[in-house]
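# Geometric and topological summary
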Amino acid sequence: MAIPDTVVHLVRHGEVHNPDGILYGRRDGFHLSDLGRDMAEKTAAFLASRDITVLRSSPLERARETAAPLADKLGLEIGIDARVIESTNRFEGLTFGRGTNALRNPLLWRHLYNPFRPSWGEPYRTIVARMMAAIHDVRRDALGHEGVIVSHQLPIWTTRLHVERRSFLHDPRRRQCTLCSVTSLHFVDDRIAQVSYQEPAIDLIPKSDRSAPFSAGDAPVEKRPEGSLPPEEHES
């Protein structure tokens, strides 16, 4: 059986300081909290011993701040790639904290008519297209080694659903993509042979927050034998 020769790790950013419960989306000014910085340090320590030669990040502050400790440990520059930015969302800027959930407003329900697309934000297929293009660029640049992309929950989870040939329709509370988690795509040549998942900072996430909407996921780890995934379709 072929042995993966290149690995691309998709790292979700750490906890963001957001006391008002705003769906911040692509907005500027949202930085890691103190706990988020601790998560980033822990994930950097977890990855520092790997053969990582390429480091890319979403342009948003929370992603760049998550990438910074790893860049320091490895002596790498952080390449900014707009293709791995957070998805667009019609609810951006609204509040989803306790007692102030914007979805209780009937005027917003018109955006919820099609969860398969989804109707309230950037189409899943568009997210996948830009993420896969960025992933394959890192694969080529890190050929024979490993690369890291620091991105966001929905782009990472949507990409995983795509490569595992699963439906895009899902419950946000069931995303297996906790804060500072590492979703790894193992390549043989240009094909994904295996997907693995690890949570280096899970002990820093309160149990009550691990299944919160728009936050951490609590689905069980899915074990798949190496080479079990169908061939990946992409632009060369």
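Up top you'll find the structure we're talking about.
The paragraphs below set out a description of the structure included in this document. Residue numbers restart at each chain and count upward from 1, following the sequence in its written direction. In view of the model being predicted, local features appear only for residues whose pLDDT reaches at least 70, and side-chain atom pairs are presented and counted only at 80 or more, with totals across whole chains, interfaces and linings using the full set of residues. Excluded from the side-chain calculation are hydrogens and water; included are all heavy atoms of the structure.

To continue, consider the side chain of Asp81. Checked against the element boundaries, Asp81 lands in the loop between strand S3 (79-80) and helix H3 (124-141). Each residue is assigned to one of three classes by its accessible area relative to the maximum for its type, calculated with a 1.4 Å probe on protein chains only: buried under 20%, partly exposed between the two thresholds, exposed over 50%. With a relative accessible area of 9%, Asp81 lands in the buried category. Any pair of nitrogen or oxygen atoms within 3.5 Å is treated as a polar contact; in protein, a donor-acceptor pairing is required on top of that, and neighbouring residues in sequence qualify only through side-chain atoms on both sides. Separated by 2.9 Å, the side chains of Asp81 and Arg83 make a polar contact. Contacts of Asp81, omitting those with residues within four sequence positions, involve Ser57, Ser58, Pro59 and Ala134. Per the convention used, a helix needs a DSSP run of H or I reaching at least four residues, while a strand needs a run of E reaching at least two, with both numbered from the N terminus. The criterion used for residue contact is that any of the two residues' heavy atoms lie within 4.5 Å.

Below, the discussion takes up the packing of aromatic side chains. Each Phe, Tyr or Trp ring, with Trp reduced to its six-membered ring, pairs with another whose centre is within 6.5 Å; inter-plane angles below 30 degrees give stacked pairs, above 60 give edge-to-face pairs, and intermediate values give tilted ones. Taken as a whole and assessed by the stated rule, the structure comprises two aromatic pairs. When the ring of Tyr24 is compared with that of Phe30, the centres are 5.0 Å apart and the planes differ by 35°; the resulting orientation is tilted. For Tyr24, a relative accessible area of 15% corresponds to the buried category. The class of Phe30 is buried, set by a relative accessible area of 14%. Ring geometry for Tyr124 versus Phe168: centroids 5.4 Å apart, planes at 35°, classification tilted. Separated by 44 residues along the polypeptide, Tyr124 in helix H3 and Phe168 in the loop between helix H4 (153-163) and strand S5 (182-188) bring together distant segments of the chain. Overall, Tyr124 belongs to the buried group, its relative accessible area being 4%. Residue class for Phe168 comes out buried when judged on its relative accessible area of 13%.

Below, the discussion takes up the packing of helix H1 (residues 34-47) against helix H2 (residues 61-74). The relative placement of two packed helices comes down to the angle between their axes together with the axis-to-axis distance. To obtain an axis, a line is fitted to C-alpha atoms, over the contacting stretch when the element is a helix, and the angle between two such axes runs from 0 to 180 degrees between their N-to-C directions. In the contact formed by H1 and H2, the axes pass within 8 Å of each other and the chain directions differ by 40°. Classified by the interaxial angle, the pair formed by H1 and H2 is oblique. In the packing of H1 onto H2, the handedness of the crossing is right-handed. For the pair H1 and H2, contact is made by Ala40, Glu41, Ala44, Ala45 and Leu47 and by Glu65, Thr66, Pro69, Leu70 and Lys73, respectively. Note on terminology: angles under 35 degrees are roughly parallel, angles over 145 are roughly antiparallel, angles of 65 to 115 are roughly perpendicular, and the others are oblique. Should the near helix be turned anticlockwise from the far one by less than a right angle, the crossing is left-handed, and should it be turned clockwise, the crossing is right-handed.

Consecutive side chains along a regular strand alternate between the two faces of the sheet. Paired strands, as defined in this entry, are two strands with at least two bridges between them according to DSSP. As paired strands, S5 and strand S6 (residues 191-198) are joined by seven bridges and run antiparallel to one another. Paired with Val182 across the bridge in S6 is Gln198. Count of turn residues in the S5/S6 antiparallel hairpin: two residues, of which Asp189 carries a positive phi of about 60°.

Their axes nearest at 9 Å, the elements H3 and H4 cross at an angle of 90°. On the basis of their axis angle, the class for H3 and H4 is roughly perpendicular. Contact residues: H3 offers Tyr124, Ile127, Val128, Arg130, Met131, Met132 and Ile135, while H4 offers Leu154, Pro155, Ile156, Thr158, Thr159, His162 and Val163. Split into classes, the residues belonging to the contact of H3 with H4 amount to ten nonpolar, three polar and one charged. For this classification, the nonpolar set comprises Ala, Val, Leu, Ile, Met, Phe, Trp, Tyr, Cys and Pro, the charged set comprises Asp, Glu, Lys and Arg, and every other residue, Gly included, is treated as polar.

The analysis is restricted to geometry; functional conclusions fall outside its scope.
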